[in-house]
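# Residue-level structural notes
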Amino acid sequence: MFSELASNGELSFFKKWRIMARMAKDYYKTLGVEKGAGGDEIKKAFRTLAHKYHPDKKGGNADKFKEINEAYSVLSDEKKRAQYDQFGDGFSSGGFNPGAQGGGFSGASGFGDFDFSQFTQGGFGQNGGFEFDLGDIFGDVFGGGSRHTRQTVRGRDISIDIELSFEESIFGVERVILLNKTSVCDICDGTGAEKGSELVTCATCGGKGSIREMKRTIFGQFATTKTCEVCHGAGKVPKIKCSRCRGAGVLKRESEIKVKIPSGIDDGEMIRLSGGGEAVQGGVTGDLYIKVHIKKHPLFRRDGQNLVTDLNIKLSQALLGGDYILKTLDGDITVKIPEGVAFGETLRIKGKGVPYDGRNRGDILIKINIVMPRKLSKDAKRAVDELKREGV
């Protein structure tokens, strides 16, 4: 077969395909991070890029968004990342796999993203056209053979914004969100068949789930395989269609989604709810992206895992000390102000800050501000003069 390809001048074209198929994706470059980047840096880069390129945003880019998601799904998983660093983007399905049977290539699609199994079997066409199945060629050489791979259709992602109180962001909260979106039919559970009705073989594809089409190109005659548009690759269709969704398996309706907001979430963070997006017939439901906005608190501001507040005290309190009642997120507590506290000094209350690690909490930091009196009474002036004589 190879000699026939070479003699017909097609080997150079074939080599180009191999080179293109082996071009590796640089997931680190996609996220804009170095190869040794930590998990937090990768997560931060993903959130920034996902927010920028989300298709629902003005100026978004659906293709770029998919690339970012693909890169993050690999680099955020330690096992997948290790395999990727060793073998490149072909470590999973459709790529180089040293542990796979058949000489180190996984099936007929062992050349990156290019699926050679989409071409017809045969050799030379009857009319002199160059008709062949590259999946068949490499199935013989490396093992695996030619087979059609069903391409999974994915529903549209949805992006929304929610606002939380400062307390909700610190301790976490469960929210119920109502979305009017395309969802799986609640009557037929996505099968498209009426209750009690069976599924029958698709007459269009004969139950194969795919249809072969012949196409003539400048390189010869090729056969491509595509997913059946009637059964969407399932090979079966409902005998009696669902009266609610009319056999589609999905329909537009109001859906109630419960979202658990984790404790300690920060302003601007994005929550990804897998399967919370729009459903699609014969495919996978998209994801729901929730951007969090946090209201400002009248007393506290956040600094990492700590809560910071300012405390204004009188000069007499700074000199003599005293007790102060502080309203915290956990209730009122008594703060003891030490004698001779200085302006700008910070008092610390341990374990009353932002929760983290499921067990621990940060601290409350109280920054002291001494308020100086603008006017003094005669008695106050005499008292200050007395302090002055004592060297205070």
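The following paragraphs examine the structure supplied in this document. (Residues numbered from 1 in each chain as written. Predicted model: local features only at pLDDT ≥ 70, side-chain atom pairs only at ≥ 80, totals over all residues. Heavy atoms only, no water.)

### Section: the environment of Val173
Turning to its location among the elements, Val173 is positioned in strand S4 (residues 173-184). Non-local contacts of Val173, meaning those with residues more than four positions away in its chain, are made with Leu164, Glu168, Val259, Lys260 and Ile261. (Helix = DSSP H or I, 4+ residues; strand = E, 2+ residues; numbered from the N terminus. Contact = heavy atoms within 4.5 Å.)

### Digging into the packing of helix H5 (residues 62-75) against helix H6 (residues 78-87)
One can describe the packing of H5 onto H6 by two numbers: an axis separation of 6 Å at closest approach and a directional angle of 105°. With respect to each other, H5 and H6 are oriented roughly perpendicular. Mapping the contact onto sequence places Ser73, Val74 and Leu75 in H5 and Lys80, Arg81 and Tyr84 in H6. (Axes fitted to C-alpha atoms, helices over the stretch in contact; angles between N-to-C directions. Parallel < 35°, antiparallel > 145°, perpendicular 65-115°, else oblique.)

### A word on the sheet that holds strand S12 (residues 301-303)
Spatially, S12-S13-S19-S16 is the arrangement adopted by the 4 strands of the open sheet, whose pairing is mixed. Whereas interior strands pair on both sides, the edge strands pair on one side only; in this sheet they are S12 and strand S16 (346-349). Neighbour-to-neighbour, the strand axes of the sheet open up by a mean angle of 35°, direction not taken into account. (Pairing = 2+ DSSP bridges.)

### Re the sheet that holds strand S11 (residues 288-294)
Within the open sheet, the 3 strands sit side by side as S3-S11-S10. Their pairing is mixed. Looking at the sheet topology across the chains shown, the edges are occupied by strand S3 (158-164) and strand S10 (270-273). Put simply, the sheet's adjacent strands are angled 25° from each other on average, direction ignored. Here 4 bridges tie S10 to S11, and the two strands are oriented antiparallel to one another. Opposite Met270, over in S11, you have Lys291 as the bridge partner.

### Quick word on the pattern of salt bridges
Counting across every chain of the model gives 17 salt bridges. Arg154 is the salt-bridge partner of Asp287, the closest N and O atoms lying 2.7 Å from each other. With Asp287 in the loop between S10 and S11 and Arg154 in the loop between helix H7 (134-142) and S3, this pair connects stretches of sequence that are 133 residues apart. Using a relative accessible area of 41% as the deciding quantity, one classes Arg154 as partly exposed. Its salt-bridge partner being Lys239, residue Glu198 comes within 3.7 Å of it at the nearest N-O pair. Within this pair, whereas Glu198 is found in the loop between S4 and strand S5 (199-201), its partner Lys239 is found in the loop between strand S8 (236-238) and strand S9 (250-261), the two being separated by 41 residues in sequence. Relative accessible area serves as the criterion here: at 55%, Lys239 is assigned to the exposed category. Among the ionic contacts, a cluster of salt bridges with common partners joins Arg154, Asp157, Arg272 and Asp287. (Salt bridge = Lys/Arg side-chain N within 4 Å of Asp/Glu carboxyl O. Buried < 20%, exposed > 50% of the residue type's maximum accessible area, 1.4 Å probe, protein only.)

### Some details on the pairing of strand S14 (residues 322-328)
Bridging between S14 and strand S15 (residues 331-337) involves 7 bridges; their strand directions are antiparallel. Of the residues in S15, the one forming a bridge with Lys327 is Asp332. From the end of S14 to the start of S15, which pair antiparallel, there are 2 residues.

### Some words on the packing of aromatic side chains
The full count for this structure, using the stated rule, is 4 aromatic pairs. An angle of 45° between the planes, with centres 6.0 Å apart, marks the rings of Tyr28 and Tyr84 as tilted. With Tyr28 in helix H3 (residues 27-31) and Tyr84 in helix H6, this residue pair connects regions lying 56 residues apart in the sequence. Looking at Tyr84, the relative accessible area reads 8%, which means it is buried. On the basis of an interplanar angle of 75° and a centroid distance of 5.5 Å, the ring pair of Phe65 and Tyr289 is categorised as edge-to-face. Note that Phe65 is positioned in helix H5 and Tyr289 in strand S11, a separation of 224 residues in sequence. (Phe/Tyr/Trp six-rings, centres within 6.5 Å; stacked < 30°, edge-to-face > 60°.)

### Overview of unusual backbone geometry
A positive phi is found at Asp189, a non-glycine position, where the angle reads about 60°. Examined against the element boundaries, Asp189 turns out to sit in the loop between S4 and S5. Phi at Arg246 takes a positive value of approximately 60°, unusual for a residue other than glycine.

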